[in-house]
Amino acid sequence: MKIVHSIPSFAAEKPTVVTIGTFDGVHLGHRKILEQLIYSAKASDSESLVLTFFPHPRMVLQQGTEMKQLNTMAEKTALLESLGIDHLVIHPFDKEFSRLTAEEFVRDVLVNTFKVQKIIIGHDHRFGRNRTADINDLVAFGAEFGFEVAQISAQQINEVSVSSTKIRTALEEGHVTLANQYLGYPYSLTGTVTQGKQLGRTIGYPTANIAIAEEYKLIPQNGVYIVQSTINGTTVNGMMNIGTRPTVDGTTQTIEVHFFDFNENLYRQNLTVSILERMRAEQKFESLDALKSQLAEDQRQAKAYFEAL
């Protein structure tokens, strides 16, 4: 997949089949659109192109809006590449770009830059200044400029009954297995392993503390989760605590992973943790011994989960 970081940086060598959106999560609903995009491009000897934006348009147009996202841009890029997209254009979204009229966007971006042969959009897609243009306008532009317009119907999307908002809500409420069903893959967190207070090591459960650089990345509800990672090509199982560590009077949120039967030094390594299931809420224990006893039970449950797979 070829990646460019602005619309003017793209140079079309062949006609393209285009879709546009933020595609946060690259979930099962998105895949309906992306599969049709790839199929259409191959059938017409064109190349598939996804136009997405960073930051999220809502964060620019609704100042002060804090919007947590399912994917970092690196995660979204990897997911799109795994599907077989030919081109990804990540355009910096700002107020100037938002003021493009629908006609300017179609003529200057779709036609003159992307050499669009066909555009595939969702049933509720709107575009142009103040999002005033819709599917009917796009069809009219297609007739004027010579490209085809295909719309994914609401029925097709509703067949999978999924949206990025539903997934965010599920994760915020701790329903990670439901979120994973909607996504079609395990939700994950990627960050750098940092030096912690090493309390876990003193009670027999050493942890890797994960620091996530992207503040906009959605962290699931505090609690204890069953997780899995790939480290140096080997799949490693474990359990993860997201929370403030109330037993030791912690106040800031941390992400700590304990891997089973694993003792390599992970400091400063970049680690991706796939979240498979939530076991329980975080809680404050009366003593470290009580915490240690609960961790033993958590580990037993997590290992039983993997043995049952």
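## A closer look at the overall build of the protein
Across its full length, the protein carries 11 helices and 12 strands. Over its C-alpha atoms, taken along the principal directions, the protein stretches across nearly 75 × 40 × 35 Å. Residues counted as buried form 48% of the 309 residues belonging to the protein. Working note: accessible area of the protein is about 15300 Å², and carbon and sulfur atoms make up 47% of it. Side-chain charges in the protein split into 29 positive and 35 negative, and the spacing between the mean points of these groups amounts to 2 Å.

## Notes on the confidence of the model for the protein
Interpretation of this model should avoid reading the predicted coordinates in detail wherever pLDDT is low. For the protein, the average pLDDT comes to 92, and 96% of its residues sit at 70 or higher. Mean pLDDT values over the elements of the protein span from 66, in helix α7 (residues 154-158), up to 98, in strand β1 (residues 2-4).

## Notes on the sheet that holds strand β7 (residues 187-194)
What the six strands build is a closed barrel, ordered β7-β8-β11-β10-β9-β12; its pairing is antiparallel. Averaged over all pairs of adjacent strands, the angle between their axes in this sheet comes to 45 degrees, without regard to strand direction. With three bridges joining them, β7 and strand β8 (residues 208-211) adopt antiparallel strand pairing. When the sheet's bridge partners are listed, T192 is paired in β8 with A211. Contacting β7, β9 (223-231) and β12 (270-280), helix α9 (residues 176-183) runs over the sheet at an angle of about 125 degrees to β12.

## Some details on the side chain of T72
Mapped onto the secondary structure, T72 falls in the loop between α2 (57-61) and α3 (73-83). Those residues within four positions of T72 in sequence are excluded, and the remaining contacts are E214, Y216 and K217.

## Things to note about the pairing of β9
Burial of β9 is extensive: seven of the nine residues sit out of reach of the surface. Here β9 runs beside strand β10 (residues 234-243); their pairing, made up of nine bridges, is antiparallel. Across the sheet, residue I231 finds its bridge partner in β10, namely T234. Connecting β9 to the next strand, β10, in antiparallel fashion are two residues, including N232 with a positive phi near 50 degrees.

## Thoughts on unusual backbone geometry
Cis geometry marks the peptide bond from F54 to P55, where omega comes out at 0 degrees. Unusually for a residue other than glycine, V26 sits at a positive phi of about 45 degrees. Of note, D45 is a non-glycine position whose phi angle comes to about 55 degrees, a positive value. Here D45 shows up in the loop between α1 (28-43) and β3 (47-54). For D45, a relative accessible area of 53% gives the class exposed.

## Observations concerning the environment of D94
Among the secondary structure elements, D94 is positioned in the loop between β4 (87-92) and α4 (95-98). For the pair D94 and V60, spaced 34 residues apart in sequence, the C-alpha to C-alpha distance is 6.3 Å. Of the polar contacts made by the side chain of D94, one reaches the backbone nitrogen of F97; its length is 2.8 Å.

## Some points on the pattern of salt bridges
If charged atoms from side chains of opposite charge come close, those side chains can pair. Taken as a whole and judged by the stated rule, the model has nine salt bridges. When the shortest N-O distance is used, the salt bridge between D45 and K14 registers 3.0 Å. Within this pair, whereas D45 is found in the loop between α1 and β3, its partner K14 is found in the loop between β1 and β2 (16-20), the two being separated by 31 residues in sequence. K14 gets classed as partly exposed once you look at its relative accessible area, which sits at 30%. Between E256 and R245 there is a salt bridge whose closest N-O contact spans 3.9 Å. Residue E256 is found in strand β11 (residues 254-259), and its partner R245 is found in the loop between β10 and β11; the two are separated by 11 residues along the sequence.

## Thoughts on helix α6 (residues 135-145)
In an α-helix, one turn spans 3.6 residues; hence positions three or four apart end up facing the same way. Taken together, the buried positions of α6 are I135, L138, F141 and G142. For α6, the angular spread of buried residues about the axis comes to 115 degrees, placing them on one side. Set apart from the buried face of α6 by more than 90 degrees, the exposed residues are N136, A143 and E144. Looking at the packing, one finds that the buried side of α6 touches α5 (102-111), β5 (116-122) and β6 (148-152). For α6, the N-terminal cap is D134; the gap from its side-chain oxygen to the backbone nitrogen of N136 is 3.1 Å.

## Details of the pairing of β8
Pairing of β8 with β11 involves two bridges; the strand directions are antiparallel. If you follow N209 over to β11, its bridge partner there is E256.

## Some remarks on α9
For α9, the full list of buried residues reads V176, A179, N180, Y182 and L183. Looking straight down α9, one finds its buried side chains confined to an arc of 160 degrees; they lie on one side. Two residues or fewer past α9, G184 is found with a positive phi of approximately 90 degrees.

Reading the values: the criteria
Residues numbered from 1 in each chain as written. Predicted model: local features only at pLDDT ≥ 70, side-chain atom pairs only at ≥ 80, totals over all residues. Heavy atoms only, no water. Helix = DSSP H or I, 4+ residues; strand = E, 2+ residues; numbered from the N terminus. Buried < 20%, exposed > 50% of the residue type's maximum accessible area, 1.4 Å probe, protein only. Areas by Shrake-Rupley, 256 points an atom, 1.4 Å probe, with all protein chains shown as cover. Lys, Arg positive; Asp, Glu negative; His and termini not counted. Charge placed at Lys NZ, Arg CZ, Asp CG, Glu CD. pLDDT = per-residue confidence, 0-100. Pairing = 2+ DSSP bridges. Axes fitted to C-alpha atoms, helices over the stretch in contact; angles between N-to-C directions. Contact = heavy atoms within 4.5 Å. Polar contact = N/O pair within 3.5 Å; in protein donor to acceptor, adjacent residues only side chain to side chain. Salt bridge = Lys/Arg side-chain N within 4 Å of Asp/Glu carboxyl O. Arc of directions from axis to C-beta.

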